[in-house]
Amino acid sequence: MKRTFARAAAALALATGAALAGSGAASAQPLWEPLQPIQKLDVERYTGDWWQLAAVPQPFNLNCAKDTKANYQLLDPANVRVQNTCTRWDGGRNEILGNARVNDPVTQAQLHVSFPGVPTQDNPDGPTNYIVTYIADDYSWALVGDPFRTSGFVLSRSPQVSTEKWQEIRRVVESRGYNACLVLTSPTTEGSNEIRPLCTV
């Protein structure tokens, strides 16, 4: 447990220092405006496995050391089964099952994600807390977050990303109003094993 918090604290300190230094990039989507969804999400095409490549740190995943993944399976036109997994610092595996309910039938890119038994998140009905704000044309990677950008996740079909792709990811993250220095990379066994601010890629 001490190792968990030490690594997380070190990464957060590095991110804070980088943020204070400033990324120098202008945002196409102002921070004070709610995160905007893409025009149309093909929910069925969105299903399957996604690797977390980077994220705004959240309390619930501080014990995830590497290989954080999400699997989405369509239950019906309005509901998606969510299975989140990761490898802990002690080598064990974490898993949680939940549901994502489409709140926006026009774009289908705004959803409410819930997890039974988790305080404040156990009701399948609720306000939007998961917005697909970017997705590649080939559905190879996506950026999702909540309306106020307190959360943000870079998801990819592959755990391996080229330097050029990382730079593209950073540009998209910043264009959606995020401070890339507050988004930390997520280690994967087959990809990068570093935890560092996205603004340094």
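Residues numbered from 1 in each chain as written. Predicted model: local features only at pLDDT ≥ 70, side-chain atom pairs only at ≥ 80, totals over all residues. Heavy atoms only, no water.

One finds Leu-41, Tyr-46, Tyr-72, Tyr-130, Val-132, Ile-135 and Leu-155 to be the most contacted residues of the largest nonpolar core, which totals 24 residues. The element that contributes the greatest number of residues to this core is strand E6 (residues 130-135), accounting for three residues. Look past the residues within four positions of Ile-135 in its chain and what remains in contact with it is Ile-38, Leu-41, Tyr-46, Trp-50, Trp-141 and Ala-142. Counting residues in hydrophobic clusters, the runner-up holds 20 residues, among them Tyr-134, Leu-143, Tyr-178 and Leu-198. (Core = buried A, V, L, I, M, F, W, Y, C linked by side-chain atoms within 4.5 Å. Buried < 20%, exposed > 50% of the residue type's maximum accessible area, 1.4 Å probe, protein only. Helix = DSSP H or I, 4+ residues; strand = E, 2+ residues; numbered from the N terminus. Contact = heavy atoms within 4.5 Å.)

Once that is clear, we can look at the pairing of strand E4 (residues 93-102). Sheet topology places strand E3 (residues 79-88) next to E4; nine bridges connect them, and they run antiparallel. Across the sheet, residue Val-80 finds its bridge partner in E4, namely Ala-100. Relative to strand E5 (residues 110-114), E4 is paired through four bridges, and the arrangement is antiparallel. What sits directly across from Val-102, in E5, is Leu-111. (Pairing = 2+ DSSP bridges.)

Take the confidence of the model for the protein chain next. Of the residues in the protein chain, 86% have a pLDDT of 70 or more, and the chain-wide mean is 88. A low-confidence stretch, residues 1-27 (pLDDT under 50), is modelled with 32 contacts involving residues beyond four sequence positions or located in other chains. (pLDDT = per-residue confidence, 0-100.)

With respect to the helices and strands, the residue Asn-79 is situated in strand E3. Separated by 20 residues in the primary sequence, Asn-79 and Asn-99 place their C-alpha atoms 6.7 Å from one another. Contact partners of Asn-79, with chain neighbours within four places excluded, come to Gln-73, Leu-74, Asn-99, Ala-100 and Arg-101. Separated by 2.8 Å, the side chains of Asn-79 and Arg-101 make a polar contact. (Polar contact = N/O pair within 3.5 Å; in protein donor to acceptor, adjacent residues only side chain to side chain.)

Quick look at the state of the cysteines now. This model, assessed by the stated rule, comprises two disulfides. In this model Cys-64 forms its disulfide with Cys-86; the gap between the sulfur atoms is 2.1 Å. Here Cys-64 and Cys-86 share a disulfide; its torsion about the S-S bond, -70 degrees, makes the bridge left-handed. Residue Cys-64 is found in strand E2 (residues 64-76), and its partner Cys-86 is found in strand E3; the two are separated by 22 residues along the sequence. Cys-86 matches Cys-64 in its accessibility class, with the two residues each being buried. The disulfide that involves Cys-181 links it to Cys-199, with 2.2 Å between the sulfurs. Across the S-S bond linking Cys-181 and Cys-199, the dihedral sits near 110 degrees, which makes this disulfide right-handed. You can see Cys-181 sitting in the loop between helix H3 (163-175) and strand E9 (184-185) and its partner Cys-199 sitting in the segment after E9, a full 18 residues away along the chain. Like Cys-199, Cys-181 is buried. (Disulfide = S-S within 2.5 Å.)

Applying the stated rule across the entire model yields six salt bridges. Linking Asp-90 and Arg-88 is a salt bridge whose minimum nitrogen-to-oxygen distance equals 3.1 Å. One salt bridge in this structure joins Glu-95 and Arg-93, with 3.4 Å as the shortest N-O distance. Take Arg-93: its relative accessible area is 55%, and that puts it in the exposed class. (Salt bridge = Lys/Arg side-chain N within 4 Å of Asp/Glu carboxyl O.)

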